[in-house]
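# Topology and contacts: notes
Read off the chains here:
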Amino acid sequence: MKFRCERDVLLDAVSGAGRATSPRGSMPILGGLRLGLQGDLLTVTGTDIDLTISVEATVDGKHDGLAVAPARLTTDIVRSFDPGAVEVEADDEDLTLMSGRSRFTVRTHQASDFPRVAAPAKDATVSGISGLSEALRQVTRAASSDDGRPILTGVLIAAEGAGLRLVATDSYRLALRDLPGVSVLGEGQKVLIPSRALNELQRLLSSAADETTLRLGDHDASFAVGHATLTTRLIEGDFPDYRVLIPSGYPNRLVVGREDLLDALRRVKLLARDATTPVKMALRPNSIELAVVTNDWGAAVEEVEAKYEGSEMTVAFNPTYLIEGVEVVTGEEVCLDTLDALKPAVLRPVGSDDYLYLLMPVRVP
Amino acid sequence: MRVVGEASRRWVLHVDMDAFFAAVEALDDPTLAGRAVIVGGEGRRGVVASCSYEARSFGVRSAMPSVEARRLCPEAVFVAPRHGRYAQVSRQLHEVFAGFTPLVEGISLDEAFLDVTGAERIYGPPARIGRLIRRRVLEQTGLVCSVGGSRVKFVAKMASKAAKPRVTRSFGQRSRPNEPSGAPTAFGAAGDGGVANGGGPGSGVFIVPEGQEVAFLHPHPVEALWGVGPATSCRLARMGIKTVGELASVPPRTLEEVLGRAHGAHLARLARGLDDREVQPERATKSISQEETFSDDRFDVEGLRVPVLGMADSVSSRVRQAGMRARTVTIKVRYRDRTTRTRSYTLKEGTDTTSDIARAALALLSEAECERGVRLIGVSLTNLAEQGGTEASQLSLDLGGEAKRNPSCRDATSAVVDEVRRRFGPESLTTAALVGPARRSVGLS
């Protein structure tokens, strides 16, 4: 294999595909990147079996070929080069990277050991999904990172009415986003996709046009975004029935400026010195008072102007969870609906039903 | 030289059980009494956890490989440790201690510091309190302990060593001479009333009278000091320092240069009998752990699931007994090449249920590189908090189906398990996976 290209073209490809590799896993080859050249088309692939990312790039190809090189090292080398042309050459044992007066030779893995990358899924559903980037940002954060509860590490993507619905929960909060009019799935069809894969997808989307193509198989799904393709296994099992968790009505409604609330929360959170310290929110007719008290460190209190209708009360939340919800509500104002200090509260944008973030309070002694 | 520690207005006793595990075994099985008993794993890699004085007279010591212990003392009876039973006896001991003072600091199952400053008015001088404690412990548990006392905490710990029975080479002839004799020699002539009242070295109670701390300390080898391990003692030996007295003669500045600032300064103070640490009652438990060394390296994760599950069961039972909840579960894996790796998982909320802890431990186990050969595995709980304490608790959504967790039901199960074990012994009830032919495949619902 031999080709030439701009450093930035190669860096985008190796760093993008490298995000799917697992350098510390039990199989060394999974810490490698597969570089395949056919004509002028370079395809760089990284995988940890569950997740695969392939990035295509157009290069000045000399000889076709294949090599598997350590992802981290290769990426670091390419990144260290000055902008300009990079020449890459590989034989059975080494990959050579040359730029300017630098020349690196890196030992490669046996290319035939590299796992077969999932073939394009059968029963492909092909369609464009717009608005997915924002929806992922709003929903994946509520998924669990607890591998002991695999179902909750996924994001449910389901056909809902004439659109698509994304739902995730870690059992402390639940995020739900509707994408009306996006008809990617058939009626009643739903899949459970690992949130890790969707976080990577979101990264890809942020650096490309927000147009995604989904192909769906029985056990895997693949997303094509620009020059990159991300393939992930699906999580098997039934997502909890989230509908019963969402209260049908709320007696108390708070409307508050999103930025004002966020700024105040981030300030008072400084006093939350461990992960279990809650922020207490005292709800009053024309304002709310946020307070964080940590015995050994001190206290922070801040008042924020707000409109509140309902009975006066204090409800406590995990400040990180609350901030993560407020952050992704769109619009200048957010609405917080509450029942009482021990029942789920709901954050949503004012005047829109597309998004909701259900959050369980913290019980304070 | 001036002697007494700055916070010297208190009296500290250190109570240390004699050959604790072995003595408990002999108590429960009278046929073991008077014999060389070794508590510990008998396998190739087993180590001696505790041994009777009869075994010690053959040169057997704690932490010695069982193979070596067997060679030194072929007639010894090996007994597998029963930590649940020792913990039970330990609780009885603490009940005894609590009768003398509320200021009790347990440092292990068989060792505790007691601040008896206030108890003097009720029970008399420290030596008398020491003798009363020994008698009460014997009555309540049938076990023998040694008591050391001093105005200075760490000196009390060394004094309890001096109070211990002597190990003699002639079998069966350990003794507690009533008169002070032998080492620590320089101290034999102590004039204050404390020793006379308390009996001398080897007699079960040894009180270092106020003002005699340095005289007591100086003949001891430096290794006897708390905080002097093999590395430090080796460095000191190179400077020609073997005894505490020699250590005290070195300027503190020099020690700080050789041993590092904090450690050097600390040892310089100890060597002069200075220690302002107080007895800390209810010493907060920081971690609860258990580990097992295998006689043969294990290469498959299946062969490790059963022991990990057993350890998860045991540590979760202990965290419940302590009335605490744990948030962090850690597994420790030592591979064949002796490299040790730990992996931990922190839960969002504290738990004391076996199934939560086992699930986390098994998930961590699945990340271990078993093909490298596993020599030792351990499970520990950290990030402990008092049950129903002042901690705020994050509430959960009530998820149905597969993701469901029902803490109140699990709590009830664990409580019943604990109660059955309390009444019928630690082995009376366990997970099906840990007994019989079902040991092979382990999963958790």
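Structure shown above.
Keep in mind it's a predicted model, so treat the numbers as computed, not measured.

### What to know about helix α2 (residues 71-80) of chain A
Residues and elements named next belong to chain A. Considered for burial, the residues of α2 that qualify are Ala71, Thr74, Thr75, Ile77 and Val78. The buried residues of α2 occupy one face: seen down the axis, they fall within an arc of 160 degrees. Buried-residue contacts for α2 involve α1 (7-18), β2 (32-38), β6 (65-70), β8 (94-99) and β9 (102-107).

### Some words on the sheet that holds strand β8 (residues 205-207) of chain B
Residues and elements named next belong to chain B. In spatial order, the strands read β5-β6-β1-β7-β8; together these five strands make up an open sheet with mixed pairing. Two strands in the sheet have a free side with no partner beyond their single neighbour: β5 (104-108) and β8. In this sheet, adjacent strand axes meet at a mean angle of 15 degrees when their direction is disregarded. Where strand β1 (residues 12-17) lies against strand β6 (residues 111-115), five bridges are found, and the strand directions are antiparallel. Each bridged residue has a counterpart across the sheet, and for valine 12 the counterpart in β6 is aspartate 115.

### Let's talk about the pairing of β6 of chain B
Residue and element names in this part refer to chain B. For β6, the buried fraction is high: five of the five residues fall into the buried class. In this sheet, β6 lies alongside β5 in antiparallel orientation, the contact comprising four bridges. Note on β6: the bridge partner recorded for glutamate 105 is phenylalanine 113. Linkage of β5 to β6, two consecutive antiparallel strands, is achieved through a turn of two residues.

### Details of the pattern of salt bridges
Counting across every chain of the model gives 38 salt bridges over all chains. For arginine 336 of chain B, the salt bridge goes to aspartate 297 of chain B, with nearest N and O atoms at 3.1 Å. Of this pair, arginine 336 of chain B sits in the loop between β10 (324-335) and β11 (340-351) while aspartate 297 of chain B sits in strand β9 (residues 288-298), and the two are 39 residues apart along the sequence. Judged by relative accessible area, which is 15%, aspartate 297 of chain B ranks as buried. Shared partners join several salt bridges into a network, and the residues in it are Glu160, Arg165, Asp178 and Arg243 of chain A.

### Regarding helix α14 (residues 302-321) of chain B
Residue and element names in this part refer to chain B. Taking 1.5 Å of rise per residue, 20 residues should cover 28 Å, and α14 covers 29 Å from first to last C-alpha, within 8% of that figure. Counted residue by residue, α14 has 15 buried out of 20 residues, so it is predominantly covered. Positive phi shows up at glycine 323, right after α14, with a value of about 65 degrees.

### Observations concerning the interface of chain A and chain B
The interface is formed by 30 residues belonging to chain A together with 20 residues belonging to chain B. Around 2300 Å² of area is buried between chain A and chain B when both sides are counted, 58% of it from carbon and sulfur atoms. At the boundary of chain A with chain B, the tally comes to zero salt bridges. Where chain A packs against chain B, one counts four residue pairs in polar contact (both at pLDDT 80 or more). Listed by contribution, the elements that provide at least two residues to the side of chain A that touches chain B are β13 (173-180) and β26 (362-363) of chain A. Each residue belonging to the side of chain A that touches chain B can be placed in one class, and the counts come to 17 nonpolar, eight polar and five charged. Here β26 of chain A pairs with strand β13 (residues 393-394) of chain B via two bridges, running antiparallel. Along β13 of chain B, the bridge assignment pairs valine 362 of chain A with glutamine 394 of chain B.

### With respect to the packing of α14 of chain B against helix α15 (residues 354-365) of chain B
Residues and elements named next belong to chain B. Between α14 and α15, the shortest axis-to-axis distance is 9 Å and the interhelical angle comes to 140 degrees. Read as a crossing pair, α14 and α15 show a hand that is right-handed. Here α14 contributes Leu304, Arg305, Val308, Leu309, Ala312, Asp313, Val315, Ser316, Val319 and Arg320 to the contact with α15, which in turn contributes Thr354, Ile357, Ala358, Ala361, Leu362 and Leu365. Residues of the contact of α14 with α15, tallied by class, amount to eleven nonpolar, two polar and three charged.

### What about the packing of helix α4 (residues 83-98) of chain B against helix α6 (residues 126-141) of chain B?
All names here are of chain B. α6 packs onto α4 with a crossing angle of 140 degrees between their chain directions and a minimal axis gap of 10 Å. With respect to α6, the axis of α4 lies oblique. Helix-helix and strand crossings are classified by hand; for α4 and α6 the assignment is right-handed. Of the residues in α6, those touching α4 at Val89, Gln92, Leu93, Val96 and Phe97 are Ile133, Arg136, Val137, Gln140 and Thr141. Split by residue class, the contact of α4 with α6 holds six nonpolar, three polar and one charged.

### Section: the side chain of asparagine 318 of chain A
Here asparagine 318 of chain A lies in the loop between β22 (313-317) and α6 (319-327). For asparagine 318 of chain A, a relative accessible area of 11% translates into the label buried. Of the polar contacts made by the side chain of asparagine 318 of chain A, one reaches the backbone nitrogen of threonine 320 of chain A; its length is 2.8 Å. The contacts of asparagine 318 of chain A, once residues within four sequence positions are left out, are Ala275 and Val362 of chain A together with Gln394 of chain B.

### A closer look at the environment of leucine 270 of chain A
With respect to the helices, strands and loops of the structure, leucine 270 of chain A is situated in the loop between α5 (258-268) and β19 (279-284). Along the sequence, leucine 270 of chain A and alanine 300 of chain A sit 30 residues apart, while their C-alpha atoms lie 8.1 Å from each other.

### A few points about the nonpolar core
By size, the foremost hydrophobic cluster in this structure holds 99 residues, and its most contacted members are Phe3, Leu10, Met281 and Leu290 of chain A. Ignoring any residue separated from it by four or fewer positions in sequence, one finds leucine 10 of chain A in contact with Phe3, Cys5, Leu42, Val78, Val86, Val88 and Leu97 of chain A. One finds Val24, Val96, Val104 and Ala119 of chain B within the second-largest nonpolar core, a separate group that totals 38 residues.

Parameters and conventions
- Residues take numbers from 1 onward in each chain, read along the sequence in its written order.
- Going through the entries in the order they are written, you letter the chains from A and number the ligands from 1.
- Residues qualify for local features only when their pLDDT is at least 70, as the model is predicted, and side-chain atom pairs are given and counted only at 80 or more; totals for whole chains, interfaces and linings, by contrast, use all residues.
- Note that water and hydrogens are dropped before the side-chain values are worked out from all heavy atoms of the structure.
- Relative accessibility under 20% of the residue-type maximum defines a buried residue, over 50% an exposed one, and the middle range a partly exposed one, all with a 1.4 Å probe and only protein chains included.
- Strands here mean DSSP runs of E at least two residues long; helices mean DSSP runs of H or I at least four residues long; both are numbered from the N terminus.
- In this description, one arc is meant: the one made by directions from the helix axis to the C-beta atoms.
- Residue contacts are defined here by distance: any two heavy atoms, one from each residue, within 4.5 Å place the two residues in contact.
- Two strands pair under a simple rule: DSSP has to find at least two bridges between them.
- A fitted line through C-alpha atoms serves as each axis, taken over the contacting stretch for helices, and the angle formed by two N-to-C directions is quoted from 0 to 180°.
- Each salt bridge in this description consists of a side-chain nitrogen of Lys or Arg and a carboxyl oxygen of Asp or Glu lying within 4 Å of one another.
- Expected span, for any helix, means 1.5 Å times one less than how many residues it has.
- Once two parts are brought into contact, the accessible area they lose, counted with a 1.4 Å probe and summed over both, makes up the buried area.
- Think of a polar contact as two N or O atoms within 3.5 Å of one another; within protein, one of them needs to be a possible hydrogen donor and the other a possible acceptor, and neighboring residues in sequence only count if both atoms come from side chains.
- Classification convention: Asp, Glu, Lys, Arg as charged; Ala, Val, Leu, Ile, Met, Phe, Trp, Tyr, Cys, Pro as nonpolar; all other residues, Gly among them, as polar.
- Should the near helix be turned counterclockwise from the far one by less than a right angle, the crossing is left-handed, whereas a clockwise turn marks it as right-handed.
- Should an angle fall under 35 degrees it is taken as roughly parallel, and over 145 as roughly antiparallel, whereas 65 to 115 is taken as roughly perpendicular and any remaining angle as oblique.
- In this description, a nonpolar core means a group of buried Ala, Val, Leu, Ile, Met, Phe, Trp, Tyr and Cys residues linked to one another through side-chain atoms lying within 4.5 Å.

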